[in-house]
Amino acid sequence: MKLYSYYRSSAAYRVRIALNLKHIDHLIIPVNLLKKEHQSADYLGKQPQGLVPCLEINDGQILTQSGAILSYLDSLYSESRLIPPDPFQAAKIRSFVDIIACDIHPLCNLRVLNYLTEDFEVNAQQKLTWYHHWIRCGFSALERSLKPTTYCFGEGISLADVYLIPQVYNALRFEFDMSAFPKLSNVYQSCNLLESFIAAKPENQIDAL
Ligand SMILES: N[C@@H](CCC(=O)N[C@@H](CS)C(=O)NCC(=O)O)C(=O)O
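A few points on the structure. (Residues numbered from 1 in each chain as written. Predicted model: local features only at pLDDT ≥ 70, side-chain atom pairs only at ≥ 80, totals over all residues. Heavy atoms only, no water.)

Any two side chains of opposite charge can pair, given that their charged atoms come close. Counted under the stated rule, the structure contains three salt bridges. Glutamate 203 is the partner of lysine 201 in a salt bridge, and the nearest nitrogen-oxygen pair spans 4.0 Å. Judged by relative accessible area, which is 17%, lysine 201 ranks as buried. Residues joined by salt bridges that share partners form a network here, namely Lys22, Asp74 and Arg81. (Salt bridge = Lys/Arg side-chain N within 4 Å of Asp/Glu carboxyl O. Buried < 20%, exposed > 50% of the residue type's maximum accessible area, 1.4 Å probe, protein only.)

Rendered as structure tokens:
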């Protein structure tokens, strides 16, 4: 498998964690967002939105959208199941994940932040205030929804952890103060002790600057 990835992309980071947790043999193909490689005709032929990640499976077919990629990997590879078979528990985990995937990440994405600065002339401080506002809003809900356990949903890794860790990493990179979120911070620390999470970190990628 080939994962088209950018080291700082939190959506690609999710997939990197899952590939590691499931011990799936794969190759990382870097796509440099700063050099706008994601907008090249070649890449748009693979990912029509011009976003990372996308996953090329061994017969050359391509999957886009991290959520769809993660569902595919989880149904194909039973090692380290990210979504449990119990329908209620599965829905609880998806509900947590959707706060990140639908209500936080799209508002804090590179193209949204660039649109604010380039088209609305928002300055660097205002951009940071925007970013912190939406992180705080989403993280407050996530913090309220968690019990104090090692990982988001108890003592085993789930899809919730795969989504949370890249989003917290990103928040810290944007100087967000995590002190009001002890349960999220504990999960962040627990996951970052695991080899699959460590290997997926931005600074451990071949394209890290
Ligand atoms: N919903 C998409 C989001 C993908 C996405 O937004 N990727 C970002 C990096 S995290 C990207 O490619 N941004 C390029 C840009 O904003 O121009 C997914 O989960 O795959």
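Let us now look at the side chain of glutamate 56. Counting through the fold element by element, glutamate 56 comes out in strand E3 (residues 54–56). Lysine 2 provides the closest opposite charge to the buried, unpaired glutamate 56, separated from it by 4.1 Å. When neighbours within four sequence positions are excluded, glutamate 56 is seen to be in contact with Met1, Lys2, Tyr4, Lys46, Gln61 and Ile62. (Helix = DSSP H or I, 4+ residues; strand = E, 2+ residues; numbered from the N terminus. Lys, Arg positive; Asp, Glu negative; His and termini not counted. Contact = heavy atoms within 4.5 Å.)

Taken together, 15 residues lie near the ligand, and Val52, Gln65, Ser66, Asn109 and Arg111 sit nearest. One nitrogen or oxygen atom from the side chain of histidine 38 is found 3.1 Å from an oxygen atom belonging to the ligand. Here an oxygen atom of the ligand sits 2.7 Å away from a polar atom, N or O, in the side chain of asparagine 109. When isolated, the ligand has an accessible area of 510 Å², and the protein chains bury 89% of it. Among the secondary structure elements, those contributing two or more residues to the shell around the ligand are helix H1 (10–21) and helix H5 (110–119). In terms of residues, the shell around the ligand owes the most to one element, H1, which gives three residues. When its residues are assigned to classes, the shell around the ligand shows six nonpolar, seven polar and two charged. Looking at the shell around the ligand, you find at least three residues from each of domain 1 (2–80) and domain 2 (87–196). (Near = heavy atom within 4 Å. Polar contact = N/O pair within 3.5 Å; in protein donor to acceptor, adjacent residues only side chain to side chain. Areas by Shrake-Rupley, 256 points an atom, 1.4 Å probe, with all protein chains shown as cover. Nonpolar A, V, L, I, M, F, W, Y, C, P; charged D, E, K, R; others polar. Domains from an automatic or database assignment.)

Here we come to the sheet that holds strand E2 (residues 27–30). Ordered by their spatial adjacency, four strands build an open sheet running E2-E1-E3-E4, and the pairing between neighbours is mixed. Since the sheet does not close on itself, it has two edges, and those belong to E2 and strand E4 (62–64), each with one partner. Across the sheet, the axes of successive neighbouring strands diverge by a mean angle of 25°, strand direction being ignored. Judged from the four bridges that link them, strand E1 (residues 2–5) and E2 form a sheet pairing that is parallel. Residue leucine 3 lies in a different strand from E2, and its bridge partner there is isoleucine 28. Each of E1 and E2 touches H1; the most contacted strand, E1, lies at about 150° to it. (Pairing = 2+ DSSP bridges. Axes fitted to C-alpha atoms, helices over the stretch in contact; angles between N-to-C directions.)

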